[in-house]
Amino acid sequence: MLDFGSQYSQLIARRIREAGVYSELIPGTTPWAVIEARRPKALVLSGGPSSVYEPDAPLCDPAVFAAGVPLLGICYGMQLLVHQLGGRVAAGARREYGAARINVDDPMLLFQGLATDLPVWMSHGDRVTEIPAGFRSLAHSANSPIAAMGDGAGRFGIQFHPEVIHTPPGREILRNFLYRVAGCRGDWKPATFIEQAVAAIRAEVGSRRVLCALSGGVDSAVAATLVHRAVPGQLTCLFVDNGLLRRDEGRRVIDVMGRHLGIELSSVDASADFLRALAGVIDPEEKRRRVGATFIEVFEREAGRLRGIDFLAQGTLYPDVIESTSHDTFAAHRIKTHHNVGGLPADLRFQLIEPLRYLFKDEVRAIGLELGLPEDMVHRQPFPGPGLAVRIIGEVTRERLDTLRAADWIVVDEIKAAGLYRSLWQAFAILTPLQSVGVMGDYRTYGSVVAVRAVESEDGMTADWARLPYDVLATMSTRIVNEVPGVNRVVYDISSKPPSTIEWE
Ligand code: XMP
């Protein structure tokens, strides 16, 4: 997939994989030589926010159109096909946005087996006014005389979005393109991915050694397990315990990866380094910066002790790749500086291995299960790189970490007991800097306020606060106040994202 910045690009790549065809997303302007080296069976040109006739509109390498590889241009992708092949695109009299119907005039292969009147989702301002030589119109809508086009030689353009659920026949159209036009077989599945990744890692690493930093999360665990399967005995894992993890998380990593899977694992308790770096820091961005910098410092120190290592394996995922490679104009405004175990400087002396760089979280989970990682590790809710440091509002101290860990344990425990863990994106506790008055027995107390946050989300980009049953909230509250020393009040966060964010810092 050539990405021109559509908000749906990732979704298209994903729909293609759901059809059992492996797909990768790369910047739309990538030179043909680089694309060709990946030997694609088909190319999809995504939509995007630009207008093809603007002077700085991102274009395809013209060699892409002449390569004889089946092409499907979607929205902006279709307009690019038209513009770069000599047709005309102009601003539409009015934007066409939302549900529409198209009439198929010529099914070619793309609409084979489908009705002639199809509900689709449109989202465009520009439209094709003159079709390029060799192409013919395949479908029209009330507002777009050319809603789909094809050249009979495997090149297609569609103005609507087949990837969204509001285009019910979208899957069938994509399948027609993949199977009938491009001759893909649709046999890609997690097991195939594992086989291919293992073979690729083996070929690349040979008899050399690999280092992998474990964070406690699913991504780094899956990356390490893949490398371990490919080159057993040549992987060393490093687990930096930053002291900012939840209760039991560190022990669990060591148990599963070290004892259960038999991976050589060295674990370092660096909590003192992190606490020192965070002493007196209140500003959220400064906390994030310091956690990131301390991680690099500790990692370099520990990795420096290991000799003869050439590769560094990282669990970088697709969304991370996209964020760092998107076209400048598409880059989102920085809300928070995200820190991951992947956030290492580029000048490290290792070659990188990133076996998951084209996958989504749920695909990584499926692969983790297939590799035999335990369910609770694979389905662990997302946890921020800077850990509990960004869930303690105000200064991070060992004592406050202990308080938050105890409260957080109860929140997760009750969520699991209510059978809600898997349906929530995240559920956790926040330690606020507030003190409030309470009464316990006959005594006045003056203690901390803990906030509980639980959200539903598809991807973490937007989120809604979870309507947790009152009974679950009541049990959590009672347990926190009774079991966590120094806490005498619990509040529930009822804000959505936007305008709030999921984490408080
Ligand atoms: P926000 O707070 O920005 O969080 O709404 C969105 C999602 O990202 C997680 N998050 C992070 N993940 N490193 C990460 O790997 C980070 O620095 C980081 N900060 C926030 C957050 O938990 C939520 O799922």
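Procedures and definitions
Residues numbered from 1 in each chain as written. Predicted model: local features only at pLDDT ≥ 70, side-chain atom pairs only at ≥ 80, totals over all residues. Heavy atoms only, no water. Helix = DSSP H or I, 4+ residues; strand = E, 2+ residues; numbered from the N terminus. Expected span 1.5 Å × (residues − 1). Buried < 20%, exposed > 50% of the residue type's maximum accessible area, 1.4 Å probe, protein only. Contact = heavy atoms within 4.5 Å. Phe/Tyr/Trp six-rings, centres within 6.5 Å; stacked < 30°, edge-to-face > 60°. Pairing = 2+ DSSP bridges. Axes fitted to C-alpha atoms, helices over the stretch in contact; angles between N-to-C directions. Disulfide = S-S within 2.5 Å. Salt bridge = Lys/Arg side-chain N within 4 Å of Asp/Glu carboxyl O. Domains from an automatic or database assignment. Polar contact = N/O pair within 3.5 Å; in protein donor to acceptor, adjacent residues only side chain to side chain. Parallel < 35°, antiparallel > 145°, perpendicular 65-115°, else oblique. Left-handed = near helix turned anticlockwise from the far one by under 90°.

### Some remarks on helix α5 (residues 170-181)
Part 1 of the reasoning: When the terminal C-alpha atoms of α5 are compared, their 15 Å separation across 12 residues agrees well with the 16 Å that a helix rising 1.5 Å per residue should span.
Part 2 of the reasoning: Every buried residue belonging to α5 is among Gly170, Ile173, Leu174, Asn176, Phe177, Leu178 and Val181, and all of these are buried.
Part 3 of the reasoning: Summarising the contacts, the buried residues of α5 are in contact with α1 (9-18), β3 (43-45), β4 (71-74) and β9 (155-158).

### Thoughts on the packing of aromatic side chains
Part 1 of the reasoning: In total, this model carries 7 aromatic pairs according to the counting rule given.
Part 2 of the reasoning: Ring plane angle 70 degrees and centroid distance 5.8 Å describe the contact between Tyr97 and Trp121, whose orientation is recorded as edge-to-face. Separated by 24 residues along the polypeptide, Tyr97 in strand β5 (residues 88-104) and Trp121 in strand β6 (residues 117-130) bring together distant segments of the chain.
Part 3 of the reasoning: For Tyr97, a relative accessible area of 55% puts it in the exposed group.

### Examining the sheet that holds strand β12 (residues 264-269)
Part 1 of the reasoning: Spatial ordering of the open sheet is given by β12-β11-β10-β13-β14, a layout of 5 strands whose pairing is parallel. Unpaired on one side and paired on the other, β12 and β14 (351-353) mark the two borders of the sheet. Within the sheet, the average angular offset between the axes of one strand and its neighbour, ignoring direction, is 30 degrees.
Part 2 of the reasoning: As paired elements, strand β11 (residues 235-241) and β12 share 6 bridges and run parallel to each other. Each bridged residue has a counterpart across the sheet, and for Val240 the counterpart in β12 is Val268.

### Things to note about the state of the cysteines
Part 1 of the reasoning: Tallying each qualifying case throughout the model produces 0 disulfides.
Part 2 of the reasoning: With no disulfide of its own, Cys60 lies closest to Cys75 among cysteine sulfurs, the gap being 14 Å.
Part 3 of the reasoning: Relative accessible area serves as the criterion here: at 4%, Cys60 is assigned to the buried category.
Part 4 of the reasoning: Accessibility expressed as a relative area gives 6% for Cys75, which makes it buried.

### Concerning the pattern of salt bridges
Part 1 of the reasoning: Taken as a whole, this structure holds 33 salt bridges when the rule is applied.
Part 2 of the reasoning: We note a salt bridge from Arg185 to Asp187, for which the minimum N-O separation is 3.1 Å.
Part 3 of the reasoning: Look at Arg185 and you get exposed, because its relative accessible area is 67%.
Part 4 of the reasoning: For Glu505, the salt bridge identified is with Lys287, shortest N-O distance 2.9 Å. With Glu505 in the segment after β18 (487-492) and Lys287 in helix α10 (residues 284-305), this residue pair connects regions lying 218 residues apart in the sequence.
Part 5 of the reasoning: By relative accessible area, Lys287 is classed as buried at 0%.
Part 6 of the reasoning: Connected through salt bridges with shared partners, the residues Arg14, Arg15, Glu18, Arg171 and Asp362 form a single ionic network.

### Re the domain arrangement of the protein
Much of the literature gives interface size as the accessible area that the parts lose upon coming together.
Part 1 of the reasoning: Domain boundaries assigned for the protein yield domain 1 (2-181), domain 2 (190-378) and domain 3 (397-492).
Part 2 of the reasoning: Computed from C-alpha atoms alone, the centre-to-centre distance between domain 1 and domain 3 is 48 Å.

### Overview of the pairing of strand β10 (residues 209-214)
Part 1 of the reasoning: With respect to burial, β10 is a largely interior element, 5 of its 6 residues being buried.
Part 2 of the reasoning: In terms of strand pairing, β10 meets strand β13 (residues 309-313) through 4 bridges, oriented parallel. Residue Arg209 lies in a different strand from β13, and its bridge partner there is Ile309.

### Here we look at the environment of Lys361
Part 1 of the reasoning: Mapping Lys361 onto the fold places it in helix α12 (residues 361-370).
Part 2 of the reasoning: When its relative accessible area of 26% is taken as the criterion, Lys361 is described as partly exposed.
Part 3 of the reasoning: Sequence spacing of Lys361 and Val218 is 143 residues, and the spatial spacing of their C-alpha atoms is 8.8 Å.
Part 4 of the reasoning: If we skip the residues at most four places from it in the chain, Lys361 touches Val218, Asp219 and Leu317.

### A few points about the side chain of Thr445
Part 1 of the reasoning: Note on placement: Thr445 falls in strand β16 (residues 443-456).
Part 2 of the reasoning: Within the structure, the side chain of Thr445 is placed 3.0 Å from the side chain of Asn488, a separation counted as a polar contact.
Part 3 of the reasoning: Beyond its immediate chain neighbours, meaning those up to four positions away, Thr445 contacts Ser436, Val437, Gly438, Val439, Met440 and Asn488.

### Quick look at the packing of helix α6 (residues 190-205) against helix α7 (residues 218-230)
Part 1 of the reasoning: With their axes 8 Å apart at the nearest point, α6 and α7 run at an angle of 65 degrees to one another. By the angle between their directions, the pair α6 and α7 is classed as roughly perpendicular. Relative to α7, the crossing made by α6 is right-handed. Each of Phe193, Ile194, Ala197, Val198, Ile201 and Arg202 in α6 lies in contact with α7, whose residues at this interface are Leu226, Val227, Arg229 and Ala230.

### Some remarks on the side chain of Glu363
Part 1 of the reasoning: Mapping Glu363 onto the fold places it in helix α12.
Part 2 of the reasoning: A polar atom in the side chain of Glu363 sits 2.9 Å from the backbone nitrogen of Phe360.
Part 3 of the reasoning: The residues contacting Glu363, other than those within four sequence positions of it, are Arg17, Trp188 and Tyr358.

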